[in-house]
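# Fold and contact review
The chain contents come next:
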Amino acid sequence: MSAAVAAAPPAATARRASGALARVPVVGWTAVLALVLRVAYGRPAPGYDAWWSLAWGRQLAHGAVPDLTAPVAPTPHPLAIAVASPLSLLGDAAPAALALLGLVAFAAVGVTAAVLGARLFGPVAGALAAAILLTRPLLVGEALECSVDVPFLALVLGAGAAVARRRHGRALALLAVAGLLRPEAWPLALALGAYARDRRLVALALAAPVLWLLADLAATGDPLHSLHGTRALAGDLGRSRSFGAALRLAPDALTAVLGDGVALLGGAAAIAAVWLVPRRAALPLAILGAGLAGFLVLGLADLPLLYRYTILPAAALALLAAWAPTACTVHRVLAPASIAAAAVLLATTPTALRAAHRHATATRAIRGEQRDLTDLLVAPRTAGALRACPGPPLLAQQRPVPQVAYLLGRSPAAIRVGGAAPATGVILSPEPGSLTFADRLASGDRPAPEPGATRGARLLDARGAWTALARC
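A few points on the structure.

Parameters and conventions
- Residues numbered from 1 in each chain as written.
- Predicted model: local features only at pLDDT ≥ 70, side-chain atom pairs only at ≥ 80, totals over all residues.
- Heavy atoms only, no water.
- Disulfide = S-S within 2.5 Å.
- Helix = DSSP H or I, 4+ residues; strand = E, 2+ residues; numbered from the N terminus.
- Salt bridge = Lys/Arg side-chain N within 4 Å of Asp/Glu carboxyl O.
- Buried < 20%, exposed > 50% of the residue type's maximum accessible area, 1.4 Å probe, protein only.
- Polar contact = N/O pair within 3.5 Å; in protein donor to acceptor, adjacent residues only side chain to side chain.
- Contact = heavy atoms within 4.5 Å.
- Core = buried A, V, L, I, M, F, W, Y, C linked by side-chain atoms within 4.5 Å.
- Phe/Tyr/Trp six-rings, centres within 6.5 Å; stacked < 30°, edge-to-face > 60°.
- Pairing = 2+ DSSP bridges.

## Section: the state of the cysteines
Counted under the stated rule, the structure contains one disulfide. One disulfide in the model links cysteine 389 with cysteine 472; its S-S distance is 2.0 Å. Within this pair, whereas cysteine 389 is found in the loop between helix 18 (380–388) and strand 1 (394–395), its partner cysteine 472 is found in the segment after strand 5 (466–471), the two being separated by 83 residues in sequence.

## Observations regarding the pattern of salt bridges
Taken as a whole and assessed by the stated rule, the structure comprises nine salt bridges. Note that aspartate 149 and arginine 182 form a salt bridge whose closest N and O atoms lie 3.7 Å from each other. Here aspartate 149 is found in helix 8 (residues 149–164), whereas its partner arginine 182 is found in the loop between helix 9 (168–178) and helix 10 (185–196), with 33 residues between them in sequence. On the basis of relative accessible area, aspartate 149 is assigned to the buried category, the value being 0%. Under the relative-accessibility criterion, arginine 182 is labelled buried at 8%. We note a salt bridge from aspartate 198 to arginine 200, for which the minimum N-O separation is 3.4 Å.

## Thoughts on unusual backbone geometry
At valine 72, a residue that is not glycine, the phi angle is positive and equals roughly 60 degrees. Inspection of the secondary structure assignment puts valine 72 in the loop between helix 3 (48–61) and helix 4 (78–87). The partly exposed category is assigned to valine 72, whose relative accessible area is 21%. The phi dihedral of cysteine 146 is positive, around 60 degrees, even though this residue is not glycine. As for its placement among the helices and strands, cysteine 146 is situated in the loop between helix 7 (137–144) and helix 8.

## Focus on the side chain of glutamate 184
Within the fold, glutamate 184 resides in the loop between helix 9 and helix 10. By relative accessible area, which is 13% here, glutamate 184 ends up buried. Within the structure, glutamate 184 has its side chain in polar contact with the side chain of arginine 182 (distance 3.0 Å). Filtering out sequence-adjacent residues up to four positions away, glutamate 184 remains in contact with Phe152, Leu298 and Tyr309.

## A look at the nonpolar core
Counting 79 residues, the largest nonpolar core has Phe106, Leu157 and Leu258 as its most contacted members. No other element matches the twelve residues that helix 16 (residues 311–323) contributes to this core. Every residue in contact with leucine 258, bar those within four places of it in the chain, is listed here: Ile132, Arg136, Ala263, Ala314, Leu317 and Ala318. Ranked by size, the runner-up nonpolar core spans 30 residues in total, among them Ala55, Ala97, Leu377 and Leu407.

## Focus: the packing of aromatic side chains
Taken as a whole and judged by the stated rule, the model has six aromatic pairs. Summarising the aromatic geometry, the rings of tyrosine 48 and tryptophan 52 are spaced 6.1 Å apart at their centres and angled 75 degrees between planes, so their arrangement reads as edge-to-face. Of this pair, tyrosine 48 and tryptophan 52 both sit in helix 3, four residues apart, roughly one helical turn. We classify tyrosine 48 as buried; its relative accessible area is 10%.

## Quick word on the side chain of glutamate 142
With respect to the secondary-structure elements, glutamate 142 resides in helix 7. The class of glutamate 142 is buried, set by a relative accessible area of 11%. Not counting the four nearest positions on each side in its chain, glutamate 142 is found in contact with Ser147, Asp149, Val150 and Arg308.

## Digging into the pairing of strand 5
Burial within strand 5 is extensive, with five of its six residues counted as buried. Direction of pairing for strand 3 (residues 425–430) relative to strand 5: antiparallel, over a ladder of six bridges. Across the sheet, the residue bridging to isoleucine 427 is leucine 469, located in strand 5. By the bridge criterion, five bridges tie strand 4 (residues 458–463) to strand 5 in an arrangement that is antiparallel. When the bridges of strand 5 are listed, arginine 463 appears paired with tryptophan 466. Hairpin geometry of strand 4 and strand 5 is characterised by an intervening segment of two residues between the two adjacent antiparallel strands and by a positive phi of about 60 degrees at glycine 464.

Structure follows, in structure tokens:
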């Protein structure tokens, strides 16, 4: 009796602490986690696609139709452009605002994974799922580039958490928003609408693809521009395509996202969960199947097969891998398996963290070079030459094009790339040894403008990794 009485206060304290934590709103947890991620990984630097969204958003904010057909333009994501449009009103501060949103989206991945994992398998599994996803190097790299894949994943995981509570309307609303970032959300929304047997929800499930088609039609006259443009760009860049390639690359892609140990653990946990907890495992298994099917459909459609396109099935495997250390709660005989699963997670985490921090180090360097380019464009001599010289700015590589277009308030199609003839206008050249100097995105990219293009040009200014010349 006395032992039970003595044990009661700590138990009551634990319950009160658990209750207090549960009462903290999701927004609060997201804000706290975003601050932690900022300290752990640093500030993001918008990547190529993110800069394009800013450039297109600026055009939209100024009443112009976004130039979605510019050379080497990536797939336009309607929601990314819609968010970038008001951000562009911040001018040079917009990239920093987008970086903040990128951190918040990554934090939302952790929070929604924790909530979904807790509702399916318990709070320990939820915490482990969040920890797995927030330490995966590929996901960290995507977050630090402000990629649309990160908020897409957060929205889908949030929809899964809503489904776990049978809040189908909320889940479909989240999937509809996610469907304006990536089309993989479309079949998930349609399947959930059909499962709910509600015509209004089916109409909501169709909202994202209809809006995407209308956006493409309004901007280009082709409702399937995203499909056609993405397919053509994949061919130009020599990216892997075809159904056979999708079958071959899917396992490699999952291990690239999760790491070998976690991917194998998730696969083993998926098999075990079918037998041990089929009802609780049904949702992550459905997401896993739908995500893999979506990757195969990309191959069938002759679209590019990038590893990051498997983050959805990888997240499902992460949820199942997070359940594995707690499987002993189903039956004591599983205790050795749970201990082995926990050992796998512990053993693989340091390697993942080291790789994640390499992404953070690279991002700092990229952010520095982007800042150098921004400073160079606003420098008095460069800005004056940009106003006085009639020719379009010239670059040797494609990747800086959307940044230059955004900062100058010009269409990306108005930025010239390459050319051997003497260039009239401002010429922007990266310094040897810089990341941009070694970058090769498109086949025509060169380390620096060709000598013929800079013949007779005068030096304007130099800022860190970038130099500006002019011939006019």
